[in-house]
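# Residue-level structural notes
Here is what each chain is made of, one letter per residue.
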Amino acid sequence: MALRAAKILTCAADGEGQVLDHNWVLVRDGKIEGFLDARTDEPGPEYARVDLGDRWLMPGMVDLHSHVGGSFDINGAVYQANPGLRVWTSVVPGNRTMRVGLASGVTTVLFIPGSATTVGGQGVLIKTGFDGWERTLVRQPGSLKVAQADNPKRWGYGMERSMLNWQIRDVMRRGAAYGERWEAYERGEGEQPPIDIQFEIFRPLVAGEAQISTHTQVAQVVAASVRIMVEEFGLPMFIDHGTMDGFRVADYVIEQGVPAILGPRNFSSQVKGRGIDHDGKIEGVAANYQASGHPQIGFNTDAPVIPQEELSLQAGIAVRFGFEDDALQTVRGLTIVPAITAGIDDRVGSLEIGKDADIVALSGHPGDPRTAVDRVWLEGELVYEASAGRRLF
């Protein structure tokens, strides 16, 4: 297949060739095969040509905080910490809510447990538009979900932040030790450890093959999350939310190399009861992380808290409240930044040779709420076409 468009946003990982005007995108066997300048070159006769006129093309969007991937029948609040819980058992491939998200250009999501407990369990990375499990799955485990601050305080007998931090630190200490014992065994040092299903997730975490997605907000709590998981135990994590003035510790977050996947509250209003005083001003969350020099800023929805189909709107809100978009920062925050954060940028997040042909055709800039999505391809297969029926979003 060859797709011709007026503008192609590649979101290339190295920052080069971000925008191609009047080009063909060549697709073969579900992968990006190459590009041709449509003003001077034509694809060969073996390609099925699709001329999209003045439309734009971009990579499928990636949302690293979604709860709409399954049947909502996983109870993550039985224990205060559930590192062994796996939400992939409740995945419903191609369910209607994900397909509405697909119609807005969201092609990959991290489906995770809720935030009722400190360590809620394991998420799974899935694609939104396939019916079968094998094609839906991107990676299992997708992440270990940790929740800080107010939500898990409601669990059981009620806890304050010091108790929450103690619980998280205890799980990280035991889990990291478990993962390190397995690494030593695999290097030929020592006996094989007994398998503990509660801590198996720490084997890919210690190896850097999965991440901790951390529901963390308010500056002091963001700092505690980074200190415990990254500085104390050396485990890979990313900030999930980072709102309520979490940007006040952005320098520390940057120093520790922690990506910030922000939202869905991409502005910070004055809430003196939480210690947030802007003298009445509304602050942009992403804008403040950016002003501190943070190089890895992305966006999320926490769907269905904000509907899955409104992921791109989070980028638009960020710009409304001061986020600079002079180098496609919004589009990268919807695509390649979350893909790199989740360690799946070898497959998704940009239109580069060898990657999955997850491609969105749309009428303009994805952060503009007036923009409409016309078609979506997953691995080269057309999975949504607005003109073929009722426009879903």
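Quick summary incoming for the structure in this document. (Residues numbered from 1 in each chain as written. Predicted model: local features only at pLDDT ≥ 70, side-chain atom pairs only at ≥ 80, totals over all residues. Heavy atoms only, no water.)

## Here we look at the sheet that holds strand β11 (residues 237-241)
Spelled out, the test is: Between any two strands, at least two bridges found by DSSP are needed for them to pair. Labels follow the DSSP assignment, with helices taken as runs of H or I lasting at least four residues and strands as runs of E lasting at least two, numbered in each case from the N terminus. Angular values range over 0 to 180 degrees, each being the angle between N-to-C directions of two axes fitted as lines to C-alpha atoms, with helices fitted over their stretch in contact.
The eight strands are arranged β6-β7-β8-β9-β10-β11-β12-β15 in an open sheet whose pairing can be described as mixed. Both edges of this open sheet fall to β6 (61-66) and β15 (297-299), since each of them pairs with a single strand only. Averaged over all pairs of adjacent strands, the angle between strand axes in this sheet comes to 30°, irrespective of strand direction. Bridge analysis of strand β10 (residues 211-216) against β11 gives five bridges, and the strand direction is parallel.

## A short note on the environment of T107
For the record, the criterion: Residue exposure (1.4 Å probe, protein chains only): buried if accessible area is under 20% of the type maximum, exposed if over 50%, otherwise partly exposed. Any two residues whose heavy atoms approach within 4.5 Å at even a single point are treated as in contact.
The topology assignment puts T107 in strand β7 (residues 106-111). Overall, the relative accessible area of 1% leaves T107 in the buried class. Once the C-alpha coordinates of T107 and G298 are considered, the two residues, 191 residues apart in sequence, prove to be 15 Å apart. Dropping the residues within four chain positions of it, T107 is found in contact with G60, M61, L102, I126, K127, T128, D358, V376 and L378.

## Points about the pairing of β7
Using the following cut-off: Orient the strands so they point away from the viewer; a crossover is then right-handed if the path from the first strand over the helix to the second runs clockwise.
For β7, a buried count of six out of six residues is recorded, marking the element as mostly surrounded by other parts of the structure. For the crossover that starts at β6, traverses helix α1 (residues 96-102) and ends in the parallel β7, the hand is right-handed. Judged from the four bridges that link them, β7 and strand β8 (residues 119-127) form a sheet pairing that is antiparallel. Bridging from a neighbouring strand, L110 pairs with L125 of β8.

## A look at helix α9 (residues 311-320)
Here α9 has its buried residues at L311, S312, Q314, A315, G316 and A318. Contacts made by the buried residues of α9 are with β6, β7, α8 (285-291), β15 and α10 (329-334).

## Digging into the environment of V92
Mapped onto the fold, V92 is located in the loop between β6 and α1. Separated by 24 residues in sequence, V92 and V68 have C-alpha atoms that sit 9.1 Å apart. Beyond its immediate stretch of four places on either side in the chain, V92 contacts G69, G70, S71 and M98.

## Here we look at unusual backbone geometry
For the peptide bond that leads from G263 to P264, omega is 0°, which places it in the cis range. With respect to the helices and strands, the residue P264 is situated in the loop between β12 (260-262) and β13 (267-268). For the bond running from A303 to P304, omega is 10°, close enough to zero to count as cis. With respect to the element layout, P304 can be found in the loop between β15 and α9. Not every positive phi belongs to a glycine, and C11 is a case in point at roughly 55°. Note that C11 resides in the loop between β1 (2-9) and β2 (19-28). Residue C11 is classed as buried on the basis of its relative accessible area of 0%. Although it is not a glycine, M244 sits at a positive phi angle of roughly 50°. Within the secondary structure layout, M244 lies in the loop between β11 and α7 (250-255).

## So, empty space enclosed by the protein
Selection rule: Put plainly, a pocket is an open set of points on a 1 Å grid over the protein atoms alone with protein on both sides within 12 Å along at least five of seven lines, a cavity is a set where a 1.4 Å probe fits but cannot get out, and a lining residue has an atom within 4 Å of a point. Grid points are joined across faces, edges and corners, and a volume is the space filled by probe spheres set on the points.
Tallied over the full model, the rule gives one cavity of 30 Å³ or more. Taken as a whole, the largest cavity holds about 30 Å³ of empty space. Lining the largest cavity are P59, G60, T107, R347, V348, G349, S350, L351, D356 and D358.

## Structural notes on the side chain of N266
Selection criterion: In protein, a polar contact means a hydrogen-donor-capable atom and an acceptor-capable atom, both N or O and within 3.5 Å, with residues adjacent in sequence counting only if both atoms are side-chain atoms; elsewhere, any N or O pair within 3.5 Å suffices.
Here N266 is to be found in the loop between β12 and β13. Exposure remark for N266: the relative accessible area of 0% places this residue in the buried category. Among the polar contacts made by the side chain of N266, one reaches the side chain of Q314 at a distance of 3.3 Å. Those residues in contact with N266 that lie beyond four places of it in its chain are G284, V285, A286, F299, Q314 and I317.

## With respect to the pattern of salt bridges
The cut-off we apply is this: In what follows, salt bridge is the name for a side-chain nitrogen of Lys or Arg lying within 4 Å of a carboxyl oxygen of Asp or Glu.
Counted under the stated rule, the structure contains 27 salt bridges. Its salt-bridge partner being K153, residue E160 comes within 3.4 Å of it at the nearest N-O pair. E160 gets classed as exposed once you look at its relative accessible area, which sits at 52%. Notably, a salt bridge pairs K355 with E352, separated by 3.2 Å at the nearest N-O pair. One salt-bridge network, in which partners are shared between bridges, spans K31, K127, R347, D356, D358 and E379.

In short, geometric facts, not functional conclusions.
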